[in-house]
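# Breakdown of the fold
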Amino acid sequence: MASSRTEGSRKSKAGDPVANRQKQLEAFTQGPENQLTTNQGVPLPDNHNSLKAGVRGPGLLEDFILREKLTHFDHERIPERVVYARGAAAHGYFELTRPLVEYTKADFLQEHGSRTPVFVRFSTVIGARGSADTVRDVRGFAVKFYTREGNYDLVGNNMPVFFIQDAMKFPDLVHAIKPEPHHDMPQASSAHDTFWDFISLMPESAHMLMWLMSDRALPRSYRMMEGFGVHTFRFVNARGASHFVKFHWRPKLGKHALAWDEAQKIAGKDPDFHRRDLWEAIDRGDFPEWELGVQLIEEERVDKLGVDLLDATKLVPEEIVPITPVGRLVLNRNPDSYFAEAEQVAFNPGHIVPGIDFSNDPLLQGRLFSYLDTQISRLGGPNFHELPINRGVCPMHNLQRGGMHRMTIARGRVAYEPNTLGNGSEFRVDGGEQGFQSLEEAIESPKIRRRSPSFDDHFSQATLFWNSQSAAEKEHIIAAFQFELSRVETPAIRQRIVDNLAHVDARLARKVAEPLGIGPPDARSAAGRAGFREPRAKPLLEAAPSLSMETNGTTIATRKVAVLMAAGVELGAFKVIQQALVDAGATVKVVAAHLGFIVSSSGQQVPIDHSFQTMPSVMFDAVLVPGGAASAQALMKDGEAVHFVLEAYKHCKPLCLIGESVEILRSVGVALDDAPVPGGVIIGTNEPTTRVQLGQDLIAAIARHRHWSRAMVEQVPA
Ligand code: HDD
C-alpha cells in the first residue's frame with residue numbers, strides 16, 4: 001500500500017492527472033492470484049475441508065482458517081444507502097473547454113484542455129440495492145472531481161428541481177415514498193398511498209411531480225439522460241467577486257426515454273438494464289460523454305429574474321438565462337470492484353474547493369450536514385476518506401487521529417495546534433488569505449423558523465413544464481398520474497391530488513380524474529388546505545422548449561437494432577441496411593427462434609446472436625424484418641416473433657418491414673396500404689435500387705428515437 005504522504009503530490013501537475021489517478025488506485029488493486037493465503041498471508045493447505053477430529057468427526061475450534069473465512073463472509077455486507085441505494089459507476093475525466101477564470105478561481109476550471117479525473121455514480125432513489133433499474137423514479141447523477149485542490153462533488157439528479165424546499169422535510173418525504181413501514185411494500189415504486197398522501201398535502205412538490213410523472217423518470221439509458229446540480233451555487237473569482245451558478249450535464253447521445261409498459265417489462269426481463277448498458281458501452285469503447293454547461297447569474301440580476309434562486313423547486317429556464325458550455329465529461333473505465341468503488345464511494349455536496357461556494361438554499365444547507373453523517377454509519381467510522389476511491393489526488397494532512405479503520409500512520413507526538421514540538425519551531429494556523437475562504441456575506445436577520453414568502457409560488461413552474469410538453473408527452477404524463485393514483489387505495493388522497501392538479505392545468509386534472517372513480521377536480525377545495533398558496537397569475541414564459549424531450553433527430557450511435565429472420569430469408573436488402581446501421585454506430589443483432597445458424601434463400605448461413613426467449617423486443621431500439629416468403633411465413637406462425645414485432649410497434653419503435661414480412665403488422669389490422677404509413681414504420685421491398693434509401697429512412701427514424709404519436713397503438717395487442 002502506498003503511503004498517503006507520498007501519494008498524488010502536486011508534482012502530478014507535470015504528468016497526466018488522469019493516468020496518475022489510475023496509478024494511485026492501482027497501488028491498492030490486486031489481480032487474480034493462483035495461490036490462496038489467510039488474511040495474515042499464511043498459505044492455505046486446502047480450501048475444501050475444515051479441520052475435524054477424524055474424517056467423520058466434529059469440527060475443531062482451533063480451525064483458524066475456517067473461522068477467518070466464515071467471519072469475513074458473515075460481515076461482507078454494509079448498510080445500503082438510505083436513498084439512492086442501487087447504482088452503477090464508472091471512472092473518467094472532465095476536460096475544460098472554456099476556462100472560467102473571470103468567474104471562479106477553482107483550479108480545475110482555469111486552464112483550457114486541462115483534464116481532471118472523475119468517478120461518477122448513477123442511481124435510482126427509492127429502490128433497495130437489489131431492485132430493478134427501469135422503475136419510475138428520479139435518477140442520481142453524482143460526480144466526484146479529483147482536483148489538485150481537493151475533491152469536488154457535484155451530487156445532482158436527472159431532474160433540475162426537487163420535491164421540497166427545506167431539508168426539514170427530507171426524512172418525511174423519504175419515509176412517505178419508501179416501502180410502507182408496516183409490510184415493507186411496494187418495492188421501488190411511488191405508486192402507493194403514503195407517498196401520494198404526503199405529496200397531496202405538500203403543494204410545493206407540484207413542479208417536481210410533473211417531472212416524475214413525465215418520461216424523464218424512464219430514461220432509456222444512463223448515457224442518454226441530462227444531469228443537474230439542482231441548487232444554485234456560487235462561483236468566486238480570485239478577486240473575491242461572486243456569481244450565482246447552476247450546473248447542467250447534457251448527454252452527447254441525446255436525451256431519450258422508454259415507454260412505460262416497456263420499462264415495466266424490462267424490470268422483469270433484465271433488472272440490470274441500465275447498469276448493463278453502461279458497463280457494456282464502456283467495455284466496447286463507446287465512451288459515454290456529457291457536456292457541462294453553466295448558467296451564470298450576476299448578483300445584481302437576482303431580483304429581476306422572477307425566480308427565487310434559493311428555492312430548489314424552481315428552475316431558471318435556459319430561454320431566460322442561456323447555458324454556457326464549459327467542458328466535457330467522458331466515462332472510459334469500468335470499476336475493477338463494484339464494492340470497493342461504487343459501493344464505498346462517498347459523495348457529499350459539502351465537498352467543495354476554493355472558487356466554489358454554497359448558496360443559502362435551505363435544502364442545500366441541510367444536505368451539508370446529512371452526507372458526512374450518513375457515511376459514518378454506512379462506512380463504519382470517520383476514516384472513509386482514506387478508502388482508495390475517496391482519496392484525493394493532492395496531499396491531505398491534519399491533526400485528526402484515530403477512529404475505526406484508520407490507515408494513515410501519522411508520525412510524531414503532536415496532534416494539536418498551535419505547537420512547537422512538531423517540526424521544532426512554532427506552528428500556528430492563523431486566519432488569513434490562504435486556503436478555502438467562505439464568501440463573506442453580511443447577514444443581519446432575526447433568527448426565524450419560517451419559509452420565505454418568495455417560495456410561495458408552487459404552481460407556475462409546474463404549469464410552465466406542462467405547457468412545454470408535446471402532445472404525446474402530455475398523454476404520457478396523464479397516463480402516469482392515472483396509473484399511480486389507480487394504485488392509491490384511499491379515494492380522498494386521489495381527490496386531493498386532482499384538486500391540486502387543477503392549479504397546474506384544468507384539462508390535465510380532468511383527464512387524470514376520469515378513470516379514478518372520484519369527483520371532478522375542485523380547485524377551490526385545494527385552495528382551502530393548509531400550505532396552499534395562490535398561484536402566480538402567469539408563468540415566466542408561455543413555454544420553454546428546452547423542457548421537452550421530443551427530438552427531430554440525434555445520432556443513432558450505440559442504438560440496438562434487432563433483425564428477425566427464419567429459414568429462407570432474403571439477405572439482399574438486409575446486408576445493405578445492416579452496413580448502413582453499423583456505419584452510423586448502431587449495433588445490429590440477429591434474433592431468431594433458436595441459436596445457431598439460419599440458411600438464407602440463397603443458401604448462405606447467417607449466424608444468430610440471440611433467441612426470442614432471451615432477447616425480447618424491449619431490449620432493442622428498433623426492429624428490421626427482412627423479406628423472403630418462407631422466412632416471413634415461419635415468423636408469422638411463431639407467436640414469439642409476432643409478439644416481438646407488435647410489442648415494438650406498441651412501444652413506438654422504428655420498424656423496417658421488407659417484402660412479405662409486412663404481413664405481420666397487417667395481420668392485426670394496422671393500416672399500411674393507405675397513406676400515411678404510421679410514424680416510424682418503413683415499408684420496402686428487396687428491390688436493389690431502394691435498399692440504400694431504406695437504410696437512410698431507418699436511420700432517420702431511429703434518430704428520432706420513438707414515434708410517440710404513432711397511430712393505433714392502443715389497439716395493437718402486445
Ligand atoms: Fe441526497 C444520497 C442527490 C437532497 C440526503 N443524494 C444522494 C445521492 C444523490 C443525491 C445523487 C447518491 C450519491 C451516491 O451515488 O452515492 N439529494 C440529491 C439531490 C437532492 C438531494 C439532487 C436535492 C436537490 N439528500 C437531499 C436532502 C438530504 C439528502 C435534502 C438530507 C437532508 N442524499 C442524502 C443522504 C444520502 C443521499 C441520506 C444517502 C446515501 C448518501 O447520502 O451517501 O445523505
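Below, the structure is looked at part by part. Just so it is clear, the model here is predicted, and its values are computed rather than measured.

Criteria and cut-off values
Residues numbered from 1 in each chain as written. Predicted model: local features only at pLDDT ≥ 70, side-chain atom pairs only at ≥ 80, totals over all residues. Heavy atoms only, no water. Axes fitted to C-alpha atoms, helices over the stretch in contact; angles between N-to-C directions. Helix = DSSP H or I, 4+ residues; strand = E, 2+ residues; numbered from the N terminus. Parallel < 35°, antiparallel > 145°, perpendicular 65-115°, else oblique. Left-handed = near helix turned anticlockwise from the far one by under 90°. Contact = heavy atoms within 4.5 Å. Nonpolar A, V, L, I, M, F, W, Y, C, P; charged D, E, K, R; others polar. Donors = N, O, S within 2.8 Å, 3.2 Å for Na, K, Ca; no water. Near = heavy atom within 4 Å. Polar contact = N/O pair within 3.5 Å; in protein donor to acceptor, adjacent residues only side chain to side chain. Pairing = 2+ DSSP bridges. Disulfide = S-S within 2.5 Å. Buried < 20%, exposed > 50% of the residue type's maximum accessible area, 1.4 Å probe, protein only. Phe/Tyr/Trp six-rings, centres within 6.5 Å; stacked < 30°, edge-to-face > 60°.

### Looking at the packing of helix α4 (residues 193–200) against helix α12 (residues 491–501)
- Between α4 and α12, whose axes approach to 9 Å, the crossing angle comes to 40°. For the element pair α4 / α12, the angle class is oblique. In the crossing of α4 with α12, the sense of the turn from one axis to the other is left-handed. Contact with α4, carried on its side by Asp 193, Trp 196, Asp 197, Ile 199 and Ser 200, involves Ile 493, Arg 496, Ile 497 and Asn 500 of α12 and no other residues of that element.
- Partitioning the contact of α4 with α12 into residue classes produces 4 nonpolar, 2 polar and 3 charged.

### So, the coordination of the iron atom of the ligand
- Looking at the protein side alone, the iron atom of the ligand has one donor only, Tyr 371 (OH), at 1.8 Å.
- Among the structural elements, Tyr 371 can be located in helix α9 (residues 362–378).

### Considering the site of the ligand
- Within the structure, the ligand sits among 23 residues, and Arg 81, Arg 121, Arg 367, Tyr 371 and Gln 375 are positioned closest to it.
- In the environment of the ligand, an oxygen atom lies 2.7 Å from a nitrogen or oxygen atom belonging to the side chain of Arg 81.
- With respect to the ligand, the side chain of Gln 375 contributes an N or O atom lying 2.8 Å from an oxygen atom.
- Mapped by element, the contributors of at least two residues to the shell around the ligand are β3 (139–147), β4 (150–157) and α9.
- Considering each element in turn, the shell around the ligand owes the most residues, 7 residues, to α9.

### Focus on the environment of Phe 287
- Structurally, Phe 287 can be placed in the loop between α7 (273–283) and β8 (289–298).
- For the pair Phe 287 and Val 330, spaced 43 residues apart in the sequence, the C-alpha separation amounts to 6.4 Å.
- Those residues in contact with Phe 287 that sit more than four places away from it in its chain are Ala 281, Ile 282, Val 330, Leu 331 and Asn 332.

### A short note on the sheet that holds strand β11 (residues 560–564)
- Spatially, 6 strands are ordered β15-β12-β11-β16-β17-β18 in an open sheet, and the strand pairing comes out parallel. Where the open sheet ends on each side, the last strands, each with one partner, are β15 (610–611) and β18 (681–684).
- Across 2 bridges, the pairing between strand β12 (residues 587–592) and β15 is parallel. Note that in β15 the partner of Ala 592 across the bridge is Ser 611.
- Relative to β12, helix α15 (residues 572–583) is tilted by about 140°, and along the sheet it contacts β11, β12, β16 (622–625) and β17 (655–658).

### Focus: the state of the cysteines
- Applying the stated criterion across every chain yields a total of 0 disulfides.
- Cysteine Cys 652 remains unbridged, with the sulfur of Cys 656 as its closest cysteine sulfur at 17 Å.

### What to know about the pairing of strand β9 (residues 324–333)
- The sheet contact formed by strand β1 (residues 87–96) and β9 spans 6 bridges and is antiparallel. Note on β9: the bridge partner recorded for Gly 92 is Leu 331.

### Considering the pairing of β8
- Of all 10 residues that make up β8, 8 are buried, and the element is covered over most of its length.
- Sheet analysis places strand β7 (residues 242–251) next to β8, joined by 9 bridges and oriented antiparallel. The residue bridging Trp 249 from the neighbouring strand is Leu 292, located in β8.
- Alignment of β8 against β9, held across 6 bridges, turns out to be antiparallel. Counted as the bridge partner of Trp 290 is Leu 329 from β9.

### Looking at the packing of aromatic side chains
- Enumeration over the complete set of coordinates arrives at 25 aromatic pairs.
- Both rings, one in Phe 122 and one in Trp 290, keep their centres 5.5 Å apart while their planes meet at 35°; by these two values the pair is tilted. Residue Phe 122 is found in strand β2 (residues 115–124), and its partner Trp 290 is found in strand β8; the two are separated by 168 residues along the sequence. Per residue, the accessibility class of Phe 122 equals that of Trp 290, and both read buried.

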